[in-house]
Amino acid sequence: MDSFIRVDPVGIAGGLALFWKGTSMVTLKKMCSWFIDVEIFDASLNKSWRLVNVYFSSDDTIRKDQWESFIHYKACLGPDWVIWGDMNDLTCAEEKQGGNARSSWSFRGFKNFIDAYGLVDLGFSGYLFTWRNNRSGSDYVQERLDRVLATPSWRILYGQAVVTHLETVGSDHNAILLNIRAAPSFFRSPFRFDARWIEDEESFSVVQQAWATPIQGSKSFSVYKKIQACRHALVDWKKRKRSNSADTHENFLQCLSLQYPNSNSISKVIYTRYNSSYESVLESAIRLEQFFPPAKVPRPLVIVTPLLEFHIQAAINCSKQHGMQLRVRSGGHDYEGLSYISYQQAPFVMLDLVNFQSITIDVENSTAWVQAGATIGQLYYTIAKKSPTLGFSAGVCPTVGVGGHFSGGGYGMMSRNYGIAADNIIDARLIDVNGRILDRKSMGEDLFWAIRGGGATSFGVVIAWHVKLLPVPETVTVFTVNRTLEQNATKIVHQWQSIAEKIDEKLLLRLFLTRANSSQYGKETVQASFVTLYLGGVDTLLPLMQQSFPELGLVRSDCIEMSWIESILYFSGYSGEPLEILLNRTSSSYTTYFKGKSDYVTEPISEIGLESIWKRVLEYPEEVTEMQFSPYGGRLSEVSATATPFPHRAGTLYSIHYGVVWNKAGENALNRNRRAIRRFYSFMTPYVTKNPRSAYLNYRDLDIGVNNKGNTSYEQASIWGLKYYGINFERLVHVKTRVDPGNFFRNEQSIPPL
Ligand code: FDA
């Protein structure tokens, strides 16, 4: 910016700032504590106009006096002028969200002020409101306090002028940008009335209906909006008439522009295959090598990276209107890539929540709001920066997104003490199929229940989670102790099955089983790695281990004391790295060719059973690269099996995660490895749960069943639904039937409606 004029605030109220580019065309005419009047000379029109920047007081009496003063002052402004700034008033109830409702008469004064000059509200693009009180929960209020009003003759001079609400840091108001010569957005073709439409009688009723739409606000604003509504209705009508139009993508983009006609901002967050950044945006959160180009997997027709909630609402509305599926991506860790791939051969839009990463920690109340596009690493980091004695119970890999992870469960190293992530969610903001923004209260307990473990993607788009933060001691202890078959691993693992679920809940002994070199030259063995977190110091851990699990032979030198956040680095393989590594969303160390599956165990596997598993692992190395046995019990068992859709509670000893990793590209390698791990899964049948053979939703596995491309019956979906959700599947189907009966939010394993 080349120049500016400012009026300082009084305390934290008021204050004005006007910035502009160029030096010669702006002349200050008058300024006082609540306004700045400048004359602007437009060389291209050889004409001057006036711009009055105001801060109207929030005190009703003072504001009315200011209006009076302005009425007298206005005589020296000439015909072409604009007044803009913080009006501290509204014209209708829709301009406010939250807090006490205002009576309709309370808007009259401001509307009269606008009508007195026949001023035109220039509308806006960007977020719906320009001010927020930054309180939480039901006290949160947002209003459109700032606006730009112009005289009709100014509006005619600058027909292309647009107003944008800009995001600001450090203020409770958005900044306002007035661009008097905005270029039309790249996908919006200018509206032209086609005289031939008159020949179709339907066009009359289209106009009549659109004109009848009730509009709140001043008279001139209402006329302006009605004309706009007619324009949009005609364009829509014309589009519907074009019955054989196959250009879904064009229609979708057109629809977005119509949803928010004054919004340029939405064009900045759209990527089609013709955009050079399309590939890089798509690939930025692909975690599995097999889904990177040139893999032949269906790609989104359009990617939207919303900046604002209304971008998400618009994407939902337009996808619905144009028969497009919608996929939502948070961290992109889905094992089958369902957040960015659709195997259902329908054109689809991908909503990438990468711009929804903000995290607000409330240390006093031990809670946090975390936006759905943040990663668990970002959440852990932000908590640790605020408090050394608060933490959160979720997964190990820092690049996992909270959007998918929390809505599918979220098991981690503190789960025996605090349950899964979903157990610690106290509120959420979700956009439903009708584009409504709901919180726990407005969505109701049934839907709030469903999105905490039932996979939110069947029900809407989660924008943010409100979570309960959990106390962690200043010192925790970690260890990794390895035992091979030669070091008695079979007996130790056998014993582990009996104690890991019962032991003190502050202790989580996770077990990783891999092939390793044997002490006998040239031979391979199985190695059991006990990877452990204890929420306390080594002095209490050692006697506990000695008493409950002496077979492991843990000694003090195996143990490392550290802070909880350092343990996050330890388990994710980043020991010694700066904490900031947790903010990295794109770590390649977690990207690989991979296929995973899961199981649950409720009866300990006998020593003979374990030995036959080891034999299989060694004889068929291609079938499984690693198994993880994750102990349950503790808090996980205390929560009832129906409290959330995650049913794996009391009676579950541990879960098994199978993974096969390979390093060769191509379809053949992919299919070969998929077949191999399926054989291993089949081999494990006698050792794991039956009827249903349970599985963990977050380890998504399309092998266990998928939806049809059209409707899927309850019975068919039960095949995999009962595996993931057990007795909760039926309730999930009922919630789905109520909130999304048309099955808009669907994927290969979404909950079908009845
Ligand atoms: P992604 O963005 O791919 O979303 C997954 C699913 O959730 C998709 O169906 C998507 O549409 C939906 N979704 C995402 N955001 C949404 C939103 N805002 N609203 C509605 N739906 C949304 N699990 C675990 O419990 N403990 C662990 O320790 C680990 N560790 C781990 C490591 C690695 C390397 C991987 C690849 C995976 C894990 N997981 C895990 C599994 C992980 O929890 C699971 O893949 C999550 O679904 C990932 O969530 P993302 O948001 O990252 O995925």
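To be clear, the structure that these remarks concern was listed above.
Now for a look at the structure at hand. Since we're looking at a predicted model, the values are computed, not measured.

The rules behind each value
Residues numbered from 1 in each chain as written. Predicted model: local features only at pLDDT ≥ 70, side-chain atom pairs only at ≥ 80, totals over all residues. Heavy atoms only, no water. Salt bridge = Lys/Arg side-chain N within 4 Å of Asp/Glu carboxyl O. Helix = DSSP H or I, 4+ residues; strand = E, 2+ residues; numbered from the N terminus. Buried < 20%, exposed > 50% of the residue type's maximum accessible area, 1.4 Å probe, protein only. Core = buried A, V, L, I, M, F, W, Y, C linked by side-chain atoms within 4.5 Å. Contact = heavy atoms within 4.5 Å. Disulfide = S-S within 2.5 Å. Pairing = 2+ DSSP bridges. Axes fitted to C-alpha atoms, helices over the stretch in contact; angles between N-to-C directions. 1 Å grid on protein atoms, 1.4 Å probe; cavity = no way out; pocket = protein on both sides within 12 Å on 5 of 7 lines; lining within 4 Å. Points joined across faces, edges and corners; volume = space filled by probe spheres on them. Nonpolar A, V, L, I, M, F, W, Y, C, P; charged D, E, K, R; others polar.

**Focus: the pattern of salt bridges**
Phase 1: All chains considered together, the criterion is met by 35 salt bridges.
Phase 2: Taking the shortest distance from any N to any O, the salt bridge between E623 and R679 comes out at 3.3 Å. Placement of E623 in the loop between α17 (607-619) and β30 (626-631) and of R679 in helix α19 (residues 667-683) is noted, with a sequence separation of 56 residues between them.
Phase 3: With a relative accessible area of 39%, R679 lands in the partly exposed category.
Phase 4: Between R678 and D703 there is a salt bridge; the shortest N-O distance is 2.9 Å.

**Some points on unusual backbone geometry**
Phase 1: Note the cis peptide between N691 and P692, where omega equals 0 degrees.
Phase 2: For P692, the position within the fold is in the loop between α19 and α20 (714-725).
Phase 3: Not every positive phi belongs to a glycine, and S366 is a case in point at roughly 50 degrees.
Phase 4: Considering the arrangement of structural elements, one finds S366 in the loop between β18 (359-362) and β19 (367-371).
Phase 5: Of the residues examined, S366 reaches a relative accessible area of 22% and is grouped as partly exposed.
Phase 6: For N743, which is not glycine, the phi dihedral falls at a positive 55 degrees.

**Considerations on the nonpolar core**
Phase 1: Of all hydrophobic cores here, the largest spans 169 residues; its most connected members are F392 and F406.
Phase 2: With near-sequence residues (within four places) excluded, F392 lies in contact with L379, Y380, I383, F406, M414, A421, N424, V467, K468, L469, L470 and W564.
Phase 3: L16, L18, V38 and A150 belong to the second largest nonpolar core, which has 24 residues in total.

**What to know about the state of the cysteines**
Phase 1: For the structure on display, the rule yields 1 disulfide.
Phase 2: Between the sulfur atoms of C255 and its disulfide partner C318 the distance amounts to 2.2 Å. Across the S-S bond of C255 and C318 the torsion is about -80 degrees, and the bridge reads as left-handed. Here the residue C255 occupies a position in helix α6 (residues 248-259), and C318 occupies one in helix α8 (residues 309-321), the gap between them amounting to 63 residues. Side by side, C255 and C318 carry an identical accessibility label, which is buried.
Phase 3: Here C230 is not cross-linked by a disulfide; its sulfur's nearest cysteine counterpart is in C255, at 18 Å.

**Quick word on the sheet that holds strand β6 (residues 81-86)**
Phase 1: Spatial strand order, β3-β4-β5-β6-β11-β8: 6 strands in an open sheet with mixed pairing. Pairing within the sheet leaves two strands with one partner each, and these edge strands are β3 (26-31) and β8 (120-121).
Phase 2: Helix-sheet contacts for helix α1 (residues 60-73) involve β3, β4 (35-42), β5 (47-55) and β6, and the interaxial angle to β5 is about 165 degrees.

**A short note on the side chain of S458**
Phase 1: Looking at where S458 falls in the secondary structure, it is placed in the loop between α13 (445-450) and β23 (461-468).
Phase 2: In contact with S458, not counting residues within four places along its chain, are K736, D740, F745, S750 and I751.

**Here we look at empty space enclosed by the protein**
Phase 1: For the structure shown, the criterion picks out 7 cavities of 30 Å³ or more.
Phase 2: Taken as a whole, the largest cavity spans an internal volume of roughly 90 Å³.
Phase 3: Looking at the largest cavity, it is lined by 13 residues, and the ones nearest its centre are Y380, A394, G395, M413 and I568.
Phase 4: Residue contributions to the lining of the largest cavity peak at 4 residues, all from helix α16 (residues 564-571).
Phase 5: When its residues are assigned to classes, the lining of the largest cavity shows 10 nonpolar, 3 polar and no charged.
Phase 6: By volume, the second largest cavity amounts to about 50 Å³.
Phase 7: Along its surface, the second largest cavity is lined by Q344, N707, N708, K709, G710, T712, N743, R746, N747, S750 and P752.
Phase 8: Residues of the lining of the second largest cavity, tallied by class, amount to 1 nonpolar, 8 polar and 2 charged.

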